[in-house]
Amino acid sequence: MSEFFDDDNYEDGFTEDSFEEGVDLGLWRQLMAYTLHYPVEVTILAVCAICTAIAEVAFPLITRAVIDAVGNNGAEVNLLQYGLLYFAFVVLLACSVGGFIWFGGKIRTHVSHDIRKNGFQNLQQLSFAYYDFRPVGWLMARMTSDCERLSNILAWGLLDLIWGSTMMLGIAIAMLYMDVSLALIVLSVLPVLAWMSINFQRRILKSARRVRKTNSRITGSFNESIMGVRTSKAFVKEAENLNTFGKLTDEMFEASVLNQVQAALYLPLVLTLGSLATGLALVFGGVEVIVGGVTTGTLIAFLTYTRHFFEPIEELAHWFAEMQMAQASAERIISLIDAESDIQDSPEVKKKMALQHRIGLAPDGHGEDIQQIEFENVRFSYAVGGEVLKGINLSISKGENIAIVGSTGSGKTSLVNLLCRFYEPTAGRILIDGIDYRARSLEWLQSNLGIVLQSSHIFGGSIADNIRYGKLDATRDEIVTAAKKAGAHGFISQIDGDYDSEVGKAGARLSAGEKQLISFARAILADPAILVMDEATSSVDTVTEQEIQRGLSELLQGRISLVIAHRLSTIRQADRILVLEHGEIIESGDHATLMAQRGRYYFLYSQQHLDEFSREQSNWSHEETISP
Ligand code: UTP
Ligand code: MG
């Protein structure tokens, strides 16, 4: 697990993240669609931003008018009209600020909701192969922090862009209108400031990107460590974990300090340049006032404008930097939303389903009477590593109970994964009733499949809810019957609260065997045409297992079933036993035939039988010694 934390390894498989400089407009246009999905809100937001800017530009002009009027005419001035005008703009400002906070927040929430929804929708339909390369922590960071910052940019960034550009344009026009030469002197600072801001922000964003990258790795490794906490403790690896984690947090510390220093330098520089502009306005404006070129009111308005003029630059440079920095987030989110499952319905199947939908026919699905499954020279390898299945030929008819045995890593789970179409064969075909299963819909296949996995997942909620997962409209009686067949009824009725008791997150309050019994009941309830069980009975005791076996033989009637079991005594009744070694079927036949062959199965069976026998013997002798 620890090599997972290595810098290089961690990036394995995520190389689709390019960290390019500059802003990729195409990408942002694609994301902007999320904002523009709310045209009314966006229009109101824009109007509010423009009104805010107009009000802010208006105040110095009113002040100027008042000062000049008072200077010229003294007591005859009607101050009330200026007062009313000022008040009107104050009301406008208050309303527009309130408006943009309200609508900005609304857009932000909507956008973040929509991005998350799309991302989640896509994650649900992606194939297992996608998850093989992406740790849960990585995906969580995409759905939480990346999503947050993008929605911030898409709402508040847009607002500031409109407000900032309107305000700067307004101030520039007002200054040029009042006095062209003085305006040009003040505006001469602008290019320097813009250049400096963009450069500085770029540096800030670079270090901030490092902070984020490290942060995402910390989340990933944190997640891994917590998930594996039992194993780590059992193998006394706490110190090692702490060490790798420590390195990551040290890196985080360094990057954060650099980022803070840069941010701390930037602001004083902007303020200095802003003050320089104010100083220039004061000196040249002062001289002009003395020679009578401009009025006192104009000078005061100029001074106010120079102070406000640079606020938007700061904001815009910040958002520009933020956009550059969030580029990677944007790419990752888009890649997640657009990621195509490598296992999906073929265009023909999609067309057929769309047609069925249009003419109001129910899609093909549950309750299909499947007669035969054939594997035709099926080969398979995962994205990394060598070939796992090497030419499997197999034909299973309705009602047949197939057992698969073989040593660890021989490809048993891979074989059933292919049947469930969690992965597809790299070569060869799997036919269901003579038709390649890729020519049918995934929904069709999966609604006819019942699966009990090696590590069965239990969701938060009650026991009944967990069983109901196999058939959402099941009645309480059906649930209880399924549980009885699975041999789960016994332990469930002993728990306080019966079927309604909560199982805790991920079934934390159940034993491994109990979890298996529940997922077994779930599969029974679904009543599938094909039943797949991977080590389904590995965590239950022998008595419970016999209970399951009893229900099972009845359940398997008339279905196609594939059972992977390590305890060979449980599969003696199987119609056919396949022995898999190194991705090939090396023996096939029923128990008696294979025993008579005296091959690999015979060896495995006698070995296990001996083990069990000697265990029983030792139990016996143990009991004898302690009994009086
Ligand atoms: P399987 O997972 O099919 O083996 O892996 P198995 O027979 O079920 O083994 P047990 O009994 O449950 O332990 C077959 C091979 O495929 C590789 C494994 O390393 C193994 O060698 N494999 C498995 C991958 O390369 N990637 C995976 O995601 C899973
Ligand atoms: Mg397995």
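Our structure is the block above this text.
What counts, and at which threshold
Residues numbered from 1 in each chain as written. Chains lettered and ligands numbered in written order. Predicted model: local features only at pLDDT ≥ 70, side-chain atom pairs only at ≥ 80, totals over all residues. Heavy atoms only, no water. Salt bridge = Lys/Arg side-chain N within 4 Å of Asp/Glu carboxyl O. Helix = DSSP H or I, 4+ residues; strand = E, 2+ residues; numbered from the N terminus. Buried < 20%, exposed > 50% of the residue type's maximum accessible area, 1.4 Å probe, protein only. Polar contact = N/O pair within 3.5 Å; in protein donor to acceptor, adjacent residues only side chain to side chain. Contact = heavy atoms within 4.5 Å. Pairing = 2+ DSSP bridges. Phe/Tyr/Trp six-rings, centres within 6.5 Å; stacked < 30°, edge-to-face > 60°. Lys NZ or Arg CZ within 6 Å of the ring centre and 35° of its normal.

(A) Structural view of the pattern of salt bridges. This model, assessed by the stated rule, comprises 18 salt bridges. A salt bridge links E251 to R217, with the nearest nitrogen and oxygen atoms 3.8 Å apart. Here R217 lies in helix α8 (residues 189-227) and E251 lies in helix α10 (residues 238-291), a separation of 34 residues in the sequence. Exposure remark for E251: the relative accessible area of 24% places this residue in the partly exposed category. Judged by relative accessible area, which is 8%, R217 ranks as buried. In the salt-bridge network here, residues are joined through shared partners; they are R108, R116 and E148.

(B) Highlighting the side chain of K412. In this structure, K412 sits in helix α14 (residues 412-419). Judged by its relative accessible area of 7%, K412 falls in the buried class. Here the side chain of K412 touches G406 through a polar contact of 3.0 Å, landing on its backbone oxygen. Engagement of the side chain of K412 in a polar contact is seen with the backbone oxygen of S407, the distance being 3.2 Å. Residues in contact with K412, not counting those within four places in the same chain, are I404, V405, G406, S407, I564, H566 and L580.

(C) Layout of the sheet that holds strand β4 (residues 427-432). Taking strand neighbours across the sheet as the criterion, the 4 strands line up as β2-β1-β4-β5 in an open arrangement whose pairing is antiparallel. With one partner strand each, in any of the chains shown, β2 (387-397) and β5 (435-436) form the two edges of the open sheet.

(D) Highlighting the packing of aromatic side chains. Following the criterion strictly, the structure yields 12 aromatic pairs and no others. For the pair F222 and F245, a centre-to-centre distance of 5.4 Å together with 25° between the ring planes defines the contact as stacked. Taken together, the residues F222 in helix α8 and F245 in helix α10 connect sequence positions 23 residues apart. Taking relative accessible area as the criterion, F222 reaches 46% and is therefore assigned partly exposed. Measuring from ring centre to ring centre gives 5.9 Å for Y601 and Y605, while their planes differ by 25°; the resulting arrangement is stacked. Here Y601 and its partner Y605 are both found in helix α22 (residues 600-626), 4 residues apart, which amounts to about one turn of the helix. For Y601, a relative accessible area of 0% puts it in the buried group. For Y605, a relative accessible area of 7% translates into the label buried. Put simply, the rings of F128, F380, Y382, F422 and Y423 pair up and form one aromatic cluster. Directly above the aromatic system of Y437 lies the positively charged group of R421, at a separation of 5.5 Å from the ring centroid. The cationic tip of R440 hangs over the ring face of W444; the distance from NZ or CZ to the ring centre is 4.1 Å.

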